[in-house]
Each structure stands twice: as C-alpha cells, then as structure tokens.
Amino acid sequence: MRLGLIAGNGRFPFLVLDAARALGYDVTVVALKDETFPELADLAARPPAADFHWIALGQLGTLLKLFQNAGVTQAVMAGQVKHAKLFAVMASADTTLLGVLMRLKTKNTDGLIGGIADAMRDKGIELLNSTAFLAPLLATAGVLTRRAPDADEQADLAFGYRIGDTIAGLDVGQTVAVKSAAVVAVEAMEGTDAVIARAGQLAGPGVRIVKVAKPNQDMRFDVPVVGVSTIDAMKSAGATLLSVDAGKTLMIDGDAIVKAADAANICIVGRSGAR
C-alpha cells in the first residue's frame, strides 16, 4: 500500500517516514518549502527510497495530483506549519485551495486543515490520525518523572487546566503558563517555546506550563507535541512543571524528554480524562 506523507516542520515527519517504511509501506512524501527540514529529503532517498516532492504553501491542487498519480489512498499530516503562515497560505492559494477557502465558515487553522482533509477525501484519499504510526510516543497518564508535583504546583495545575481548556476550545492556542494562580502567558500563533520564554521573562522562576489538546481534538492534525527542546526552554525560563494530555500529546523524543526533565528537576504530568 502507498502512503502519502504531508511533511511540515520539526522531526515528526522523520519518525513517521521511518515507521511507515518499517511496516512495509511505500511512501510518497510531499514537503512544504520553507517549513520542512531539508534533511528529510536525504532520509527519503535512503533504501527503500520514498518518492519526494517539494511544493509551496497553498498548492493544494499540486498535492492532490501528486498523490493521485502515485496511487495514494491514505495519507498522514506530520509536523506543523507555523500558525502565522496561515495568512501566507491564503495569499498564495491555488484555485483548488481557493475553492476550499470559499466554503469555510471560519478561516482558522482547524477550519483550513479540515477543509483540506475534506478535499482529499473527495479524491479518495483518507487522512489518517497523525499519530497512527507513533502510538508508543503518546504521553501516558500520571506522573512521568521522578519528582511529583508539590501542593503549590497541584493548585496551579487545577487553575491552569481551566484556563488551558478554555483557550483551546476557542482555538486560541494549546499552552498556558501560570504561577500562583495567575495567568502569566497564553499561546497564540508564536508557539510553545516562545510562550515559555516570555513567561520566564515576565514572572521569573516557578512558572508552570500547561499544554492541552483541544476539546474533541481531531487527531488527524495539529496534535500537541513536546520534545527535549520544550524542556530546554523550561529550564532556561525557570519553569518547574509541564502538564500534557495523556493519549493526545506526542512526546517526540520519547524517554529522552523524561531524562532531560529529571536532570533539570522538572516534573512532567500526563493528565488523564482530558475532554
């Protein structure tokens, strides 16, 4: 079976490509210019070689043709496109994407990518959950590090969950930084690491980071992702705790994240029962 891989930035696409080929899939990779790491082309060229194509943001018609010509019937979106690029996508949209945009009620990230998924389905291409090949890397429930949250951190978690779930439900962002039951920073389009850095500048050591999935998170796209870089950003900011939603957050570096957190005395919690 041939799998289509739509690759954004980060190392997420590298993991999906390796996992899919290990399972015997032939893979056609469509990488986004100025987003996808160039090294992905080198990985794709290694045996068993995957078809590899670069396209610009907004070229939905080209993407669909590449997949149809390759015989792709299932596809995965892996990696992110910076949310601020949403405006560039709209400005450079081809006729196929313009047709999608005209049908959208809201032109936020979920609406746009959901419309693209519908256009793929219309061409006989099923968009799979983005974590379909990486289930072992999804966060598990409970305390994931040696250190558990203390009473003050637990109180900030309860507060942070209320705020985080609210902003995620409004499609504002997935991350909130809190301290002493006060909101320090809220994510919009800038990304998690930038929020953490800003929180450290504003409130100093002791910030807690809460990253949540959206209510009824569509696991086909925009799944929350954390990595060792998240822990590095927290260490620099003096943040003491990271909460992620179990089963809905990809821990891209696996056990290395927990080891890095333990070394920095940072607690990681996997929240169960997230809505």
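Residues numbered from 1 in each chain as written. Predicted model: local features only at pLDDT ≥ 70, side-chain atom pairs only at ≥ 80, totals over all residues. Heavy atoms only, no water.

Caption draft 1: The overall build of the chain, seen in detail. A count of helical and extended segments in the chain gives 10 helices and 13 strands. A compact globule built from 275 residues should have a C-alpha radius of gyration of about 19 Å, and the chain, at 19 Å, falls within 12% of that. Structurally, the chain occupies a C-alpha span of about 55 × 40 × 30 Å along its principal axes. The proportion of buried residues among the 275 residues of the chain is 53%. (Helix = DSSP H or I, 4+ residues; strand = E, 2+ residues; numbered from the N terminus. Rg over C-alpha atoms; globule rule 2.2 N^0.38 Å. Buried < 20%, exposed > 50% of the residue type's maximum accessible area, 1.4 Å probe, protein only.)

Caption draft 2: Seen up close, the pattern of salt bridges. Summed over all chains, the structure comprises 13 salt bridges. For arginine 208, the salt bridge identified is with glutamate 153, shortest N-O distance 3.8 Å. Of this pair, arginine 208 sits in strand β9 (residues 208-211) while glutamate 153 sits in helix α7 (residues 151-169), and the two are 55 residues apart along the sequence. Each member of the pair, arginine 208 as well as glutamate 153, carries the same accessibility label: buried. One connected set of salt bridges, linked through shared partners, spans Arg147, Glu153, Asp156 and Arg208. (Salt bridge = Lys/Arg side-chain N within 4 Å of Asp/Glu carboxyl O.)

Caption draft 3: The arrangement of the pairing of strand β8 (residues 182-186) in detail. Direction of pairing for strand β7 (residues 175-179) relative to β8: antiparallel, over a ladder of 4 bridges. Along β8, the bridge assignment pairs valine 176 with valine 186. Counted along the chain from β7 to the antiparallel partner β8, the turn is 2 residues long, and its residue serine 180 has a positive phi close to 55 degrees. (Pairing = 2+ DSSP bridges.)

Caption draft 4: Structural view of the sheet that holds β9. The strand order across the open sheet formed by 6 strands is β6-β13-β11-β9-β7-β8, and the pairing between neighbours is mixed. In this open sheet, the two strands that pair with only one neighbour each are β6 (142-143) and β8. Sheet topology note: the β9/strand β11 (residues 241-245) ladder contains 3 bridges and is parallel. In the strand pairing of β11, valine 210 is matched with serine 243. Strand contacts of α7: β7, β8, β9, β11 and β13 (267-271), with the helix running at about 145 degrees to β7, the strand carrying the most contacts. Across the sheet, helix α9 (residues 228-237) is in contact with β9, β11 and β13; its angle to β11 comes to roughly 150 degrees. (Contact = heavy atoms within 4.5 Å. Axes fitted to C-alpha atoms, helices over the stretch in contact; angles between N-to-C directions.)

Caption draft 5: Structural context of the nonpolar core. In this structure, Phe67, Leu97 and Met120 are the most contacted members of the largest nonpolar core, which totals 27 residues. Taken together, the elements giving at least two residues each to this core come down to β2 (26-32), α3 (60-70), β4 (74-78), α5 (95-103) and α6 (109-122). The element best represented in this core is α6, accounting for 6 residues. Methionine 120 has contacts with Ile6, Leu64, Phe67, Ala75, Ile125 and Leu127, leaving out every residue within four places of it along the chain. Core analysis: the second largest hydrophobic core is formed by 25 residues, Val16, Ala20, Ala50 and Leu138 among them. (Core = buried A, V, L, I, M, F, W, Y, C linked by side-chain atoms within 4.5 Å.)

Caption draft 6: Representation of the pairing of β4 within the structure. In terms of burial, β4 is a largely internal element, 5 of the 5 residues being buried. Bridge count between strand β1 (residues 2-7) and β4: 5 bridges; the pairing is parallel. Note that in β4 the partner of leucine 3 across the bridge is glutamine 74. Here β4 runs beside strand β5 (residues 126-127); their pairing, made up of 2 bridges, is parallel. Each bridged residue has a counterpart across the sheet, and for alanine 75 the counterpart in β5 is leucine 127.

Caption draft 7: Representation of the environment of lysine 214 in the model. Along the chain, the position of lysine 214 falls in the loop between β9 and β10 (225-226). Each C-alpha atom, one on lysine 214 and one on isoleucine 167, is 8.6 Å from the other, the two residues being 47 residues apart in sequence. One polar contact links lysine 214 to aspartate 171, side chain to side chain, over a distance of 3.1 Å. (Polar contact = N/O pair within 3.5 Å; in protein donor to acceptor, adjacent residues only side chain to side chain.)

Caption draft 8: Focus on the sheet that holds β2. Reading across the sheet, the 5 strands line up as β3-β2-β1-β4-β5 and stay open at both edges, with parallel pairing between neighbours. Pairing within the sheet leaves two strands with one partner each, and these edge strands are β3 (51-55) and β5. Here 5 bridges tie β2 to β3, and the two strands are oriented parallel to one another. Across the sheet, leucine 32 pairs through a bridge with isoleucine 55, a residue of β3. Lying over the sheet, helix α1 (residues 12-22) contacts β1, β2 and β4, oriented at roughly 170 degrees with respect to β1.

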